[in-house]
Structure formats: structure tokens, C-alpha cells
2 protein chains.
Amino acid sequence: MNGYLILHGDIVEAPSFGKLNCVEYGYLVAKDGRIVGVYKDLPEEYEGQPVTDLAGSIIMPSFCDMHLHAPQYPLLGLGLDMQLLEWLETYTYPTEARFASNEYASRVYYAFAKDLINGGTTRVAAFSSIHKEATMILMDALERARVIGLVGKVNMDRNCPDYIREDTAKSLEDTEQWIIESRRKYRFVKPAITPRFIPTCSPELLDGLGKLAAKYNIPVQTHLSENSDEINLTRALSKEYAGYWHEYAQHGLFTEGALMAHCVYSDHMERSVMHERNVWAVHCPTANMDLSTGIMPVRRFVYEDINVALGSDVAGGAAIFMPRVIISAIRASKRNWLATARNERCLNMAEAFYLATSAGAKRLGYGGGFTPGDPLHCIVADDQRMCMADEGRSLRERFERLIYRMQPADITHVWSEGERVK
Amino acid sequence: MNGYLILHGDIVEAPSFGKLNCVEYGYLVAKDGRIVGVYKDLPEEYEGQPVTDLAGSIIMPSFCDMHLHAPQYPLLGLGLDMQLLEWLETYTYPTEARFASNEYASRVYYAFAKDLINGGTTRVAAFSSIHKEATMILMDALERARVIGLVGKVNMDRNCPDYIREDTAKSLEDTEQWIIESRRKYRFVKPAITPRFIPTCSPELLDGLGKLAAKYNIPVQTHLSENSDEINLTRALSKEYAGYWHEYAQHGLFTEGALMAHCVYSDHMERSVMHERNVWAVHCPTANMDLSTGIMPVRRFVYEDINVALGSDVAGGAAIFMPRVIISAIRASKRNWLATARNERCLNMAEAFYLATSAGAKRLGYGGGFTPGDPLHCIVADDQRMCMADEGRSLRERFERLIYRMQPADITHVWSEGERVK
């Protein structure tokens, strides 16, 4: 990653929500692994540098998957005739329990990290299981594959089977040790405080986690207002219910930059607190459809200036490949448009692609699109098989078609944090 | 295809709606290209015959795509930020007009037929364009690839651009000639009367088509109650509107076995006439989502004992690969379940798989699942890459996961009409 890297091809980026920047047969210049700029014509100063000609391919930022469960990776596509709570009991908990074995964790997590890179996802916010050691193995696997982002050891001490329930004090002790160790050990993956969700976390546990988040100044990720049965359960468990958000807020877990997955049923009050505190919503449309949850009204969040990113929610969502999640987001929003009497405009491709790339990137400290100075996160996809008998399309049209039809095998190059990884 | 073919592996079939027959490591026996039976243990009489061991793969009936537009194949994944009528004008009509060139038709249709087989679809009901010769080329391509089913030369003589509008008399004359020629020439693909939809067909044209359908005793395929703007347009064009169905019925086009794509907005009256006359509904959930159309309430049709099959509706739907359409059908039905206050149960995998295989097969004269005596239509898919770290699943679970995660490359064998084609 020393020296210049100059990619010459059709470039697409979504630097801000709704803006798609298409540069036909342009140049993406990086130096020492960092982006210098995107140019229609190569500036004189770079003449003479080696150029990688990618004619007939599309160059774009790599994907950010801002909510997924790494230990559920073996379950991809299983049990989706069920809803959330039944699915957790039948499939998720028994599989997550297997991560008590480090051997099992290694077997799954190295394959998982490789699959992410293969599909062009270089940045994530991932849940692990309750196991401290397996969580370190997940971070090892991501770090070696050069997947950047946040990883959380999950906490849960109630309303779950014995075999996966933590003792409250031990859960907090494990979490603190893991924070200290992982912060020392990893460069690309950072710890995030990760209570599973309200039904499985006692107030004492949440309180301890809030204190750890504050003490070590690390971000929070969890679930919020996903499913109506889950919300009813949360309400029933609460002494003085003032909204799902409040269950987190009273323990210092509804804070700046927190990543809240789903937000399907967030009401006006919840959304206004999110906006005020800059709490992020992570939209997981595939999972919302697969677990019969409902549709998050993304457009309303955008109108209200709440930050939104996209997540696969593997394995509540049956796809790890982010273009599938982009399409799910568009399809869900079209349904929402009809359901709101054509009031809330659906997402177009430019907007959904922004959510799957720049939005998550911004949360992780990067700029939008190919921002000069940022480490290079980039994929190259060959769409020539899709151009059959359909000449003369604009780059914008080819890009849309590519997202709809892409498979991992169409991705020929991936750079993560400045280094080529596929 | 002479002699015995014995496939030994995990077998799944959906012989009737809701019934999934799973035979772990069983035997599918065929003789001279026709199915003999499915067995848990190989009957004595077949001992000594060569057995193809497919351990670790799943054997199932091939897919039936009962509504798709062959000339829209180059458009797969394009223009889906639009709705139906705008999309037709911007993308569909200009592309369909290109099929005036036989060279263009050959280029597209041979690739199209190959793609169908590659994805395990061996039976179809396909729309062509208005062009008689290109329609013959499509039938050539399907016949050679051994794709079985119905093909229709499209008719349209109003409310469309000049460059693709037919003269009414010429349209009928071309259609009759094409019926005579194609019935003489093809063994596996048969003509179907195919008015595009009410907005583009004058009463005179519909009348002539109804007479041709009766004269040659051939089936009808068209669109019904897809999109609310389209329905409003149909109503505005009608002198005495008595329902979308009635526009066809008064010209003899709403008859036994007719295939009506979409039926998103079919009301009680329309459905009751469909039931009475055994008119089929073809559910196209991917297209309904991609063109923001709405959701066909499949469960209601099933309750009312109306025949339903599944269609990709390429290219209103962005996927030609039928497992994606199965998943879309399940997802749409989950949304419908929520939208009907949890009243209309969603489709489960067994039901949706039936719609994608046996339902269409029955319409084309086969039995459901692997019916003894039927020509063999069958695919084999290897799911071993999906079993990673997830041992001990039942065949039913592996099958569900396979449908969610399958790609065409996972299909290792395809038989169509008794002959191996992949």
C-alpha cells in the first residue's frame, strides 16, 4: 500500500443522502492507502504513475453492514417461517451457546470474515455471543481479514434459557476484562457495549453496562422497538414504562452515536430523543421482512434528520451480501409508500446505496463516498455479463442494474483500509 | 433418456399446496425419461440398475415460471425507481421494438433460454413481443434448450408509441399465421393468445383474439388488475365498466385455464368469476414489489379455491431465478399478514415452493411433485457450502435454507422432459 494506486474505470459514489456522483471512465487516485481524489481526467501531477485499467467495471465504495450477528452466520436462511421470539428460542440461542467452544468459534468466524470481504463488506458493527473468548476470536478473524469496525460481546441475564444466561456480576466482569484486552490488542476492530435487548437484560446489568460505556468511553449497540410482541414484553417487564428508548436511557445507554437496530415501531417521542442525542437507527429491511416484523419508515427518520445506516441483521435477515439488503430497503420503502397513501416517498437507488456505504462509514469516522484523506475502502465489480444486448446505458443505469443483479462473484477487487484484500 | 435413471439423494417435492414430502437419502426412479416413483428404499426390481449417488445434494422438481416477458430480459434490474406505466414507456417499449430485428432476437433469446435452464426453470408461460418472426425465434430457442410451455406473440393496437403499435387487422392476421406455423413446428412450446393488457388493446382486437382462441382451442395469457393507475385507465377506456375481468370476458378471453398475471387488486366479484371459470392467477411478487404495485393476497385466492401459480414477470421483477421469486412471495405474504391485522396467514416455504413448481406444472398438464408417468423435470442442488458448522439439520430445514441461499451455480444437474440439460 505504499505509493500511488490509480484505478481507471467507471466510478460511482454516494457522498450524501440522495446524491449519486457518477464519473464515466474516470480516475480514483490513492496514495499510501489513502484516497487522494476522484477525477474525470487524470491531473498532470500523476502522469507517469502506473494506472490500473478497469474499463467495463464499476468502482464504488465498499459496503458497511451496521448490524449483524456473527454467531448466527451458520443459521443464514433457517427458521424464517417463525417470528422473532420463537426463532430466538428455537434456532438462535442453541447455536449461540455453541460458541462456548473456541474451536467452534474459530471454524465459524474465519469463514464469516472471509465471506464479508468476498461480498465487498469491509466495515461492520457486529454482535458476538455472550462468550468473552469467542468474542476475541471473532475480533481476531475480522482483524486478520481486515474488516474494520465495532464488535460487541453480548450481555443477557434474564428471560433466556439457562444454558445461555449470564450471572449479572460475572457478565459485567467479563465485559470489562474483554474491553481492556481488546482495546490493547486490536487496531481495526473496537469494542462496543452490547446488551442484547431489554427483555433479556436486568436493570442491574444495564446499569453496569452504562457505567462501563461511560468509564471507557465506548459506543453502545443494541436493538430498539423491533417487534410488537417484543415491545409488549418490554412494557410488561418495566416498572414505569416511558418508551422503549427510556429503558436504555435511564442506564446511560441511549447516548451519542449509539447504534439502535430496527426502530420499526419507534414513536414520535422516541424519534425526537434519537434526534436530540444523535442516536443512530440501523435499518434492517431483510430481517424485518423475513421475521414478519413490519417496515421501518426510513423516510420519516430522514425527514426528522435522524442518522440512519443499513444492516443485514444476519441471521434474522437471510442475506449477508449487502446489495440484497439495499434491494430489500428499496422494496420495503415502496410498500411503505403504498401503506401511507403514497405519502412517504420510497427510497431510490442513490439513497439506499448511501445508507449501505457512506452512512455507516460516517458513523465509523470516515467521510462520505471517496473522501480525500480517508483510507481506501473500495470494490470493483464487472457488469459486462449484464450489458448483453443492451448498449448505450448511462453509468447511473448500469449501476442500478448492477446492484439489483450483482453476486459476490462479480466483485473482482476489494480494498479495505488501503490494502487490497480480494 | 432410454433405460433407467436412478437418482439417490435427499428428495423434496410439494405434490399439493402445503404438503412437503421429504425423503432422506431416497431414490428417484425414472425409466425412458418418465418418472417411475420416489422410494425410501430401492425396490428389488431395480437392483442391479446403475444408481447416480447424489449424497449431500437435494433433488427436487424443476421450477415453472408462469409469467415472464422474454424480450424484457435485457432490461433485468433496470428502471425500477419507476412505476408500471412510466417504466413501460421509458424502458420496455423501446427495447421490445428492437425485436423487429431477427438478429437481435436470436442474440437475446438463446441467452435467455440458456439462463432459464441454468437456473433450473424448465417450464414457462412467456410473453414475446408483437413480432411474429421474433416470436418464432423465441420458440426455437426454448425448444432447443428444452424449455417446455406456452409462448405468446403480444398484441397491442392502441395507447402505445407508434413504433410499436399494430394495425388491428394485421395483428390478427399475423397471430393466426403464427398459430398455424408454430403448432406445426414445435413439440414442447405451444402458442397462447396474448393481448398485452386492456389499455393497449381495442375491443376489435380483443374480439378477434377471442375468436382465434376459440377457433384453435388455445389458451389465453394476459395481465389482470395489476396496478391502480392501470385499472383507472382501463375504467376510463371502457364504455360500460363491469370490472377488469369483464373487459376480457366479453370477448371470450376469460376462459378455462387462462393465465392472469398479478391480480393484485382483484375484487370479490372478479375472484368469484375466476373460481367459477377456472381462470388462473399468476402471482408475481418480485415485480409487484419492484414496480411499487401492491401485494396480491395469495391466501385469499387459496381460501377461495382459485388456482394460483408463480411468475418472475421478468423484467418488471428484477430476478429470473425462481428461488428469489419464492422468497419474494413469502416476504410479500408476511407483509400482507401484518396489513390484515394478522388475519391472512403468510405463505410458508412448503406452500411457496408448491406455487413455484407443481402449480405451474399442473396447469401445463403434469401432476404435482414427482408424479409417476410424467416426463422427468428435476434439479439437483448441492447445499454442502451452507452446512458449515451447522450439523444435524433435518432435510426440511436444509431445503428451506437452500431456497433462501441458492444461486444458479449451486444447481449441478437439470433434467427437462426426461433429458439431462445441465
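Everything quoted here is computed from the prediction, not taken from an experiment.

1. What about the overall build of chain A?
Along chain A, the regular secondary structure elements total 13 helices and 17 strands. Since a compact globule built from 422 residues should have a radius of gyration of about 22 Å, the 21 Å found for chain A is in line with a globular shape. Its C-alpha atoms give chain A principal-axis dimensions of roughly 65 × 50 × 40 Å. Classification of the 422 residues of chain A by burial places 67% in the buried group. Sequence separation of 24 or more characterises 75% of the internal contacts of chain A that already satisfy a separation of 6 or more. By element, 48% of the accessible surface of chain A is carried by carbon and sulfur atoms, the whole surface being about 14100 Å². Counting 45 positive and 54 negative side-chain charges, chain A places the centres of these two groups 1 Å from one another.

2. What to know about the relation of the copies chain B and chain A
Expressed as a screw transformation, the operator carrying chain B onto chain A has a rotation angle of 180° and an axial translation of 0.0 Å, and the superposed copies differ by an RMSD of 0.0 Å. Taken together, the turn and the small shift mark the pair as related by a two-fold rotation axis.

3. Some points on the state of the cysteines
A full pass over the atoms with the stated rule returns 0 disulfides over all chains. Here A:C387 stays unpaired: no disulfide links it, and the sulfur of A:C22, its closest cysteine neighbor, is 14 Å away. Exposure remark for A:C387: the relative accessible area of 18% places this residue in the buried category. Sulfur of B:C64: no disulfide; nearest cysteine sulfur belongs to B:C378 and is 13 Å away.

4. Regarding the layout of surface pockets
Taken as a whole, the largest pocket holds about 1100 Å³ of empty space. Lining the largest pocket are 50 residues, and of these A:M406, A:Q407, B:M406, B:Q407 and B:P408 lie nearest its centre. Where the lining of the largest pocket is concerned, the elements lending two or more residues are α2 (102-118), α11 (322-339) and α13 (395-405) of chain A together with α2 (102-118) and α14 (395-405) of chain B. Here the lining of the largest pocket is composed, by residue class, of 30 nonpolar, 9 polar and 11 charged. Estimated volume of the second largest pocket: approximately 230 Å³.

5. A short note on the interface of chain B and chain A
Contacts between the two partners involve 51 residues from chain B, matched on the other side by 52 residues from chain A. Between chain B and chain A, a total of about 4400 Å² is buried, with carbon and sulfur atoms accounting for 47% of that surface. Considering only the surface of chain B that becomes buried against chain A, B:R331, B:K334 and B:M388 emerge as the three largest contributors, covering 13% of it. Our enumeration of links across chain B and chain A arrives at 8 salt bridges. Linking chain B with chain A are 24 residue pairs in polar contact (both at pLDDT 80 or more). At the level of elements, α1 (84-97), α2, α6 (228-237), α9 (285-290), α11 (322-339) and α14 of chain B are the ones that each hand at least two residues to the side of chain B that touches chain A.

6. Quick word on unusual backbone geometry
Only a minority of non-glycine residues have a phi that is not negative, and only a minority of peptide bonds are not trans. Cis geometry marks the peptide bond from A:V314 to A:A315; its omega dihedral reads 10°. Its location among the elements puts A:A315 in the loop between β14 (308-310) and α11. In the Ramachandran plot, B:R342 falls in the positive-phi region, its phi being about 60° despite a non-glycine side chain. Mapped onto the elements of the fold, B:R342 is located in the loop between α11 and α12 (349-356).

7. A word on the nonpolar core
Residues A:Y109 and B:Y109 are the most contacted members of the largest nonpolar core, which totals 268 residues. The element that contributes the greatest number of residues to this core is helix α12 (residues 349-363) of chain A, accounting for 9 residues. Discounting chain neighbours no more than four positions away, the residues touching B:Y109 are B:A70, B:P71, B:F99, B:S128, B:S129, B:A134, B:I137, B:L138 and B:A141.

8. Focus on the domain arrangement of chain A
Residues and elements named next belong to chain A. Domain annotation of chain A identifies domain 1 (4-61 + 368-420) and domain 2 (63-356). For domain 1 versus domain 2, the distance between C-alpha centres works out to 30 Å. Facing the 25 residues of domain 1 at the interface are 26 residues of domain 2. Interface area, domain 1 with domain 2, both sides summed: about 2200 Å², of which 74% is carbon and sulfur. Area buried by domain 1 at its contact with domain 2 is led by F17, I403 and Y404, which between them contribute 32% of it. The interface formed by domain 1 and domain 2 holds 1 salt bridge in total. The partner of R146 in a salt bridge is E419, with the nearest N and O atoms 3.6 Å apart.

9. So, the packing of aromatic side chains
Residues and elements named next belong to chain B. By the definition in use, this model includes 20 aromatic pairs over all chains. Directly above the ring of Y366 sits R123, whose terminal nitrogen or CZ lies 4.7 Å from the centroid. Note that R420 overlies the ring of W415, its terminal NZ or CZ placed 5.7 Å from the centroid.

10. Quick word on the pattern of salt bridges
Residue and element names in this part refer to chain B. Overall, the coordinates contain 46 salt bridges over all chains when judged by the stated rule. In this structure, D174 and K170 form a salt bridge, with 3.0 Å as the shortest nitrogen-oxygen distance. With D174 and K170 both in helix α4 (residues 168-185), this residue pair falls 4 residues apart, about one helical turn. For K170, a relative accessible area of 43% puts it in the partly exposed group. For K211, the salt bridge goes to D207, with nearest N and O atoms at 2.8 Å.

11. A look at the environment of B:N278
Residues and elements named next belong to chain B. Its location among the elements puts N278 in the loop between α8 (268-277) and β13 (280-283). Judged by relative accessible area, which is 24%, N278 ranks as partly exposed. C-alpha of N278 to C-alpha of V12: the two residues are 266 residues apart in sequence and 28 Å apart in space. Excluding residues that lie within four positions of it along the chain, N278 makes contacts with T255, E256, G257, A258 and N307.

12. Topic: the environment of A:Y46
All names here are of chain A. Within the secondary structure, Y46 sits in the loop between β3 (34-39) and β4 (51-61). The class for Y46 is buried, based on a relative accessible area of 6%. For the pair Y46 and I218, spaced 172 residues apart in sequence, the C-alpha to C-alpha distance is 40 Å.

13. Details of the sheet that holds strand β14 (residues 308-310) of chain B
Residue and element names in this part refer to chain B. One open sheet holds the 4 strands; their spatial order is β11-β12-β13-β14, and the pairing between them is parallel. Edge positions in the open sheet fall to β11 (221-224) and β14, since each of these has one partner strand only. The sheet shows a mean angle of 35° between the axes of neighbouring strands, direction not considered. As paired elements, strand β12 (residues 259-262) and β13 share 3 bridges and run parallel to each other. From the neighbouring strand, M260 faces β13, where its bridge partner is A281.

14. Thoughts on the packing of helix α3 (residues 132-145) of chain A against helix α4 (residues 168-185) of chain A
All names here are of chain A. Where α3 contacts α4, the two axes come as close as 10 Å, and the packing angle between them is 20°. When the axis of α3 is compared with that of α4, the two are roughly parallel. Crossing hand, α3 versus α4: right-handed. Contacts from K132, T135, M136, M139 and D140 in α3 reach D174, Q177, W178, E181, S182 and K185 in α4. Class assignment of the residues belonging to the contact of α3 with α4 gives a composition of 3 nonpolar, 3 polar and 5 charged.

15. Let's talk about the packing of α2(B) against helix α3 (residues 132-145) of chain B
Residues and elements named next belong to chain B. The geometry of α2 relative to α3 is characterised by a closest axis approach of 9 Å and an angle of 30° between their N-to-C directions. The angle between α2 and α3 falls in the class roughly parallel. In this structure, α2 meets α3 at a crossing whose hand is right-handed. Residues N102, A105, S106, Y109, Y110, F112, A113, L116 and I117 of α2 pack against E133, A134, I137, L138, D140, A141, L142, R144 and A145 of α3. Residues of the contact of α2 with α3, tallied by class, amount to 13 nonpolar, 2 polar and 3 charged.

Rules of the game
Residues numbered from 1 in each chain as written. Chains lettered and ligands numbered in written order. Predicted model: local features only at pLDDT ≥ 70, side-chain atom pairs only at ≥ 80, totals over all residues. Heavy atoms only, no water. Helix = DSSP H or I, 4+ residues; strand = E, 2+ residues; numbered from the N terminus. Rg over C-alpha atoms; globule rule 2.2 N^0.38 Å. Buried < 20%, exposed > 50% of the residue type's maximum accessible area, 1.4 Å probe, protein only. Contact = heavy atoms within 4.5 Å. Areas by Shrake-Rupley, 256 points an atom, 1.4 Å probe, with all protein chains shown as cover. Lys, Arg positive; Asp, Glu negative; His and termini not counted. Charge placed at Lys NZ, Arg CZ, Asp CG, Glu CD. Least-squares fit on C-alpha atoms with pLDDT ≥ 70 in both. Disulfide = S-S within 2.5 Å. 1 Å grid on protein atoms, 1.4 Å probe; cavity = no way out; pocket = protein on both sides within 12 Å on 5 of 7 lines; lining within 4 Å. Points joined across faces, edges and corners; volume = space filled by probe spheres on them. Nonpolar A, V, L, I, M, F, W, Y, C, P; charged D, E, K, R; others polar. Buried area = accessible area lost by both parts, 1.4 Å probe. Salt bridge = Lys/Arg side-chain N within 4 Å of Asp/Glu carboxyl O. Polar contact = N/O pair within 3.5 Å; in protein donor to acceptor, adjacent residues only side chain to side chain. Core = buried A, V, L, I, M, F, W, Y, C linked by side-chain atoms within 4.5 Å. Domains from an automatic or database assignment. Phe/Tyr/Trp six-rings, centres within 6.5 Å; stacked < 30°, edge-to-face > 60°. Lys NZ or Arg CZ within 6 Å of the ring centre and 35° of its normal. Pairing = 2+ DSSP bridges. Axes fitted to C-alpha atoms, helices over the stretch in contact; angles between N-to-C directions. Parallel < 35°, antiparallel > 145°, perpendicular 65-115°, else oblique. Left-handed = near helix turned anticlockwise from the far one by under 90°.

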